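Given next are the chains, with one letter for each unit.
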Amino acid sequence: MAERVRDGSEMVRQMSPRLLAGRYVFRTLEDGAGQAELSGALGMFREDEGLSVIVEAGPDDADAYRQITLDVHSALDGVGLTAAVSVTLAELNITSNVVAANHHDHIFVPEQMAEAALDALRRLSRGEHVNREKE
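Since the model is a prediction, treat every value here as computed from it, not as a measurement. (Residues numbered from 1 in each chain as written. Predicted model: local features only at pLDDT ≥ 70, side-chain atom pairs only at ≥ 80, totals over all residues. Heavy atoms only, no water.)

Trainee: Help me understand the pairing of strand E4 (residues 50–56), please; the structure alone is not making it clear to me.
Mentor: Two faces, one strand: in a regular strand the side chains alternate between the faces of the sheet. The buried count for E4 comes to six of seven residues, which makes it a mostly enclosed element. One ladder, built from six bridges, connects strand E2 (residues 24–29) with E4; its direction is antiparallel. Bridge pairing in E4 places Phe26 opposite Ile54. Bridge analysis of strand E3 (residues 43–47) against E4 gives five bridges, and the strand direction is antiparallel. Its bridge partner being in E4, Glu47 is matched across the sheet by Gly50. Here E3 hands over to E4 after two residues, the two strands then running antiparallel side by side. (Buried < 20%, exposed > 50% of the residue type's maximum accessible area, 1.4 Å probe, protein only. Helix = DSSP H or I, 4+ residues; strand = E, 2+ residues; numbered from the N terminus. Pairing = 2+ DSSP bridges.)

Trainee: Just to check I follow, could you spell out helix H3 (residues 81–91) for this structure?
Mentor: Because an α-helix completes one turn every 3.6 residues, residues spaced three or four positions apart along the sequence face the same direction. Those residues of H3 that fall on the buried side of the exposure criterion are Leu81, Val85, Thr88 and Leu89. Down the axis of H3, the sector holding all buried residues measures 90°, keeping them to one side. Positive backbone phi, at 60°, marks Asn93, one or two positions downstream of H3. (Arc of directions from axis to C-beta.)

Trainee: Mind showing me how you'd approach the packing of H3 against helix H4 (residues 114–125) here?
Mentor: In a packed pair of helices, the relevant descriptors are the angle between the two axes and the axis-to-axis distance. Relative orientation of the contacting elements H3 and H4 amounts to 130°, with a least axis distance of 10 Å. Classed by the angle they form, the pair H3 and H4 counts as oblique. In this structure, the crossing between H3 and H4 has a hand that is right-handed. Facing H3, whose interface residues are Ala84, Val85, Thr88 and Leu89, H4 presents Ala117, Ala120, Leu121 and Leu124. When the residues that make up the contact of H3 with H4 are grouped by side-chain class, the tally is seven nonpolar, one polar and no charged. (Axes fitted to C-alpha atoms, helices over the stretch in contact; angles between N-to-C directions. Parallel < 35°, antiparallel > 145°, perpendicular 65-115°, else oblique. Left-handed = near helix turned anticlockwise from the far one by under 90°. Contact = heavy atoms within 4.5 Å. Nonpolar A, V, L, I, M, F, W, Y, C, P; charged D, E, K, R; others polar.)

Laid out in structure tokens, this is it:
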């Protein structure tokens, strides 16, 4: 297993963003939700309002997100990766939802903006400045 990277600029340089197949939605399940609803969850977090889950989107879900995984083995106590990714995508008016897991960070972006987000993150990793195109 690769050593965890803690330095912010090194995490950005090594992030190797990768767009995964699949479409996902964020939902809240009420307390007492059945095992079937949880078994397919990609991620979950308990909040006061209920259990927030990330699940596969159905064909009619217009609010679907795509997942970009950053393949750097980032340290949970590393500083700067989430900020660099968020600022870069925000400059392009792309919303992002970041999930930090034990080995990698995962960025969920609106389905229709996934390719633009992937391109921006690849450019960021190469050290290129990324900003909104002039209209």
